[in-house]
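# Descriptive structure summary
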Amino acid sequence: MAIVSDQQLKLLLADTKTQRKGFELMVRQFSEQLYWQIRRIVMTHEDTNDILQNTFLKAWNGLESFHGDAKLLTWLSRIAVNESLDFIRKQKVKPTVDADFADLGVAQQLMADDYFDGDATEAQLREVIAQLPEVQRTVFMLRYYDEMKYSEISRITGTSEGALKASYHIAVKKISEFFRSRD
């Protein structure tokens with residue numbers, strides 16, 4: 001698949017005659033990256049697919065409000081992160097539905113997940129990340145896994161770069177302490 005520039009996609013999306021084609025290209029171009037952003041936040045393949053669909057549905061419905069001042073991936077990431085965090089908040093309120101996994105920690109759930117391709121250390125890392133407060137977890141995931149700059153994370157989360165740097169530093173410290181305590 002050939003990559004289409006942000007500017008070309010924005011032009012296609014802005015014209016009602018080419019909007020559908022532009023959206024299809026955008027979905028193909030950004031689905032995998034958004035999938036992994038979401039997956040690192042919500043952990044399971046099935047939930048990730050649902051949230052990814054919701055992300056693109058919200059993007060389609062919000063095309064008129066997109067002014068083109070941000071990169072498309074930044075705009076989509078903001079929607080995806082917000083959808084993921086909303087999902088997690090709702091899950092905290094609901095009792096666990098899957099009795100097979102109810103007593104397992106995040107690491108054990110990941111190791112039992114057919115779609116998880118990491119090792120035990122990655123599963124433990126994901127477990128400690130899941131225990132971080134929401135802001136620390138989000139900034140850590142976007143910075144560590146997606147290698148985003150603080151300026152881009154700031155646009156996605158609406159948080160200042162200074163606060164993001166502090167949150168990332170605290171998250172790294174907590175993760176380091178977790179692994180030191182396991183040695």
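Here, every reference points to the structure presented above.
Report on the accompanying structure. (Residues numbered from 1 in each chain as written. Predicted model: local features only at pLDDT ≥ 70, side-chain atom pairs only at ≥ 80, totals over all residues. Heavy atoms only, no water.)

Here the focus is the overall build of the protein chain. The helix and strand inventory of the protein chain stands at 9 helices and 0 strands. Its helices and strands in sequence order give the protein chain the pattern α-α-α-α-α-α-α-α-α, from N to C terminus. Per-residue burial over the protein chain gives 42% buried out of 183 residues. Residue pairs in contact within the protein chain that sit at least 24 positions apart in sequence constitute 58% of those at least 6 positions apart. Only carbon and sulfur atoms are counted for the fraction: they give 50% of the accessible area of the protein chain, which is about 10,800 Å². (Helix = DSSP H or I, 4+ residues; strand = E, 2+ residues; numbered from the N terminus. Buried < 20%, exposed > 50% of the residue type's maximum accessible area, 1.4 Å probe, protein only. Contact = heavy atoms within 4.5 Å. Areas by Shrake-Rupley, 256 points an atom, 1.4 Å probe, with all protein chains shown as cover.)

Here we come to the packing of aromatic side chains. Centre-to-centre distance and the angle between the planes together describe a pair of aromatic rings. In total, this model carries 9 aromatic pairs according to the counting rule given. Pairing Phe66 with Trp75 gives two aromatic rings, centres 4.5 Å apart and planes at 35 degrees, and the pair type is tilted. The pair Phe66 / Trp75 is uniform in exposure class, with both members buried. Ring geometry for Phe140 versus Tyr144: centroids 5.0 Å apart, planes at 15 degrees, classification stacked. (Phe/Tyr/Trp six-rings, centres within 6.5 Å; stacked < 30°, edge-to-face > 60°.)

A few words on the packing of helix 1 (residues 6-14) against helix 2 (residues 19-42). Between two packed helices, the angle of one axis relative to the other and the distance separating the axes together describe the packing. The contact between helix 1 and helix 2 brings their axes to 7 Å, and the two run at 145 degrees. Contacts between helix 1 and helix 2 pair Asp6, Leu9, Leu12 and Leu13 from the former with Gln19, Gly22, Phe23, Leu25, Met26, Gln29 and Phe30 from the latter. (Axes fitted to C-alpha atoms, helices over the stretch in contact; angles between N-to-C directions.)

Another point: the side chain of Glu83. With respect to the secondary-structure elements, Glu83 resides in helix 4 (residues 72-93). Not counting the four nearest positions on each side in its chain, Glu83 is found in contact with Ile51, Asn54, Thr55 and Lys58.

The terminal C-alpha atoms of helix 9 (residues 161-182) lie 32 Å apart, and with 22 residues this matches the ideal 32 Å at 1.5 Å per residue to within 8%. Buried residues of helix 9: Leu164, Ser167, Tyr168, Ala171, Ile175 and Phe178, and no others. All buried residues of helix 9 fall inside an arc of 100 degrees around its axis, so they share one side. Relative to its buried face, helix 9 has exposed residues pointing more than 90 degrees away, namely His169, Arg180 and Ser181. The secondary structure elements touched by the buried residues of helix 9 are helix 6 (120-131), helix 7 (134-145) and helix 8 (150-157). (Expected span 1.5 Å × (residues − 1). Arc of directions from axis to C-beta.)

This part is about the nonpolar core. Judged by nonpolar contacts, the single largest core of 44 residues is most densely connected at Met26, Phe30, Leu34, Leu72, Trp75 and Leu76. Setting aside anything within four residues of it in sequence, one finds Leu76 in contact with Met26, Phe30, Leu34, Thr55, Phe56 and Ala59. (Core = buried A, V, L, I, M, F, W, Y, C linked by side-chain atoms within 4.5 Å.)

Turning next to the pattern of salt bridges. Going through the model one piece at a time under the given rule, you end up with 5 salt bridges. A salt bridge links Arg40 to Asp146, with the nearest nitrogen and oxygen atoms 2.4 Å apart. In this pair, Arg40 sits in helix 2 while Asp146 sits in the loop between helix 7 and helix 8, placing the two residues 106 residues apart along the sequence. On the basis of relative accessible area, Asp146 is assigned to the buried category, the value being 17%. Here Arg89 and Asp86 are joined by a salt bridge, their closest N and O atoms 2.6 Å apart. Here Arg89 pairs with Asp86, and both are found in helix 4, just 3 residues apart, close to one helical turn. Take Arg89: its relative accessible area is 38%, and that puts it in the partly exposed class. Judged by relative accessible area, which is 32%, Asp86 ranks as partly exposed. (Salt bridge = Lys/Arg side-chain N within 4 Å of Asp/Glu carboxyl O.)

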